[in-house]
Amino acid sequence: MPGIDECLLEVMRLPGARGAAVVDWTSGLALGTIGESPNGDHEATAAETAEVARMAAEQPAFAQESSGPSTASPEEAVGGSPPPVEDVIVTTRTGYHILRFVETAFDSSVFVHLWLDRAEGNLALARIRLGETAERLVLA
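Notes on the structure in this doc start here. (Residues numbered from 1 in each chain as written. Predicted model: local features only at pLDDT ≥ 70, side-chain atom pairs only at ≥ 80, totals over all residues. Heavy atoms only, no water.)

Details of the side chain of S109
Piece 1. Of note, S109 is situated in the loop between β4 (95-102) and β5 (110-117).
Piece 2. According to the relative accessible area criterion, S109 is buried, its value standing at 2%.
Piece 3. Those residues in contact with S109 that lie beyond four places of it in its chain are V23, D24, W25 and T26. (Helix = DSSP H or I, 4+ residues; strand = E, 2+ residues; numbered from the N terminus. Buried < 20%, exposed > 50% of the residue type's maximum accessible area, 1.4 Å probe, protein only. Contact = heavy atoms within 4.5 Å.)

Overview of the nonpolar core
Piece 1. V11, V112 and L114 are the most contacted members of the largest nonpolar core, which has 19 residues in total.
Piece 2. Contributions of two or more residues to this core are made by α1 (4-12), β1 (17-24), β4, β5 and α4 (123-136).
Piece 3. Excluding residues that lie within four positions of it along the chain, V112 makes contacts with C7, A21, V22, I98, L99, R100, V102, L130 and L137.
Piece 4. Of all hydrophobic cores here, the second largest spans 14 residues; its members include A21, A53, A56 and F101. (Core = buried A, V, L, I, M, F, W, Y, C linked by side-chain atoms within 4.5 Å.)

Quick look at the sheet that holds β4
Piece 1. Read across the sheet, five strands follow the order β2-β1-β5-β4-β3 without closing on themselves; strand pairing throughout is antiparallel. Since the sheet does not close on itself, it has two edges, and those belong to β2 (29-35) and β3 (87-91), each with one partner. Across this sheet, the average inter-strand angle for adjacent strands is 15°, counted without regard to direction.
Piece 2. Its contacts with the sheet place α4 against β3, β4 and β5, and it is angled at close to 25° to β4. (Pairing = 2+ DSSP bridges. Axes fitted to C-alpha atoms, helices over the stretch in contact; angles between N-to-C directions.)

Considerations on empty space enclosed by the protein
Piece 1. Within the structure shown, the criterion is met by one cavity of 30 Å³ or more.
Piece 2. Of all the elements in the fold, those that place two or more residues in the lining of the largest cavity are β1, α2 (42-58) and β5.
Piece 3. Here the lining of the largest cavity is composed, by residue class, of six nonpolar, six polar and one charged. (1 Å grid on protein atoms, 1.4 Å probe; cavity = no way out; pocket = protein on both sides within 12 Å on 5 of 7 lines; lining within 4 Å. Points joined across faces, edges and corners; volume = space filled by probe spheres on them. Nonpolar A, V, L, I, M, F, W, Y, C, P; charged D, E, K, R; others polar.)

In structure tokens:
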């Protein structure tokens, strides 16, 4: 099972990958980075993407499961259980940003951010592979 560095290297092998990071979405800190950053600063990008991830994970509208509305509060989504959101995709004119939440044994407050070039990347393939990588990620 890969750790953070191996996970990031694997993600960067995807066609069109420009940069990637493993981020703690409660603090906004980058746990690991590779490649380019959209704004030239990996730490600032981590903080910005963490805000997007936190907003998505804490919204009751996204917590609804197929069996009906969730009874979990936004605080519970941040804490002990995995967030109700699997991933967040933001598209721009030149690229895609995929934020994939990582389920962990502890507090599930980590996601992988992949920045993908729109002309060279394949969004569907990247989403599938990012999900597979996130499932195998071991945080030590």
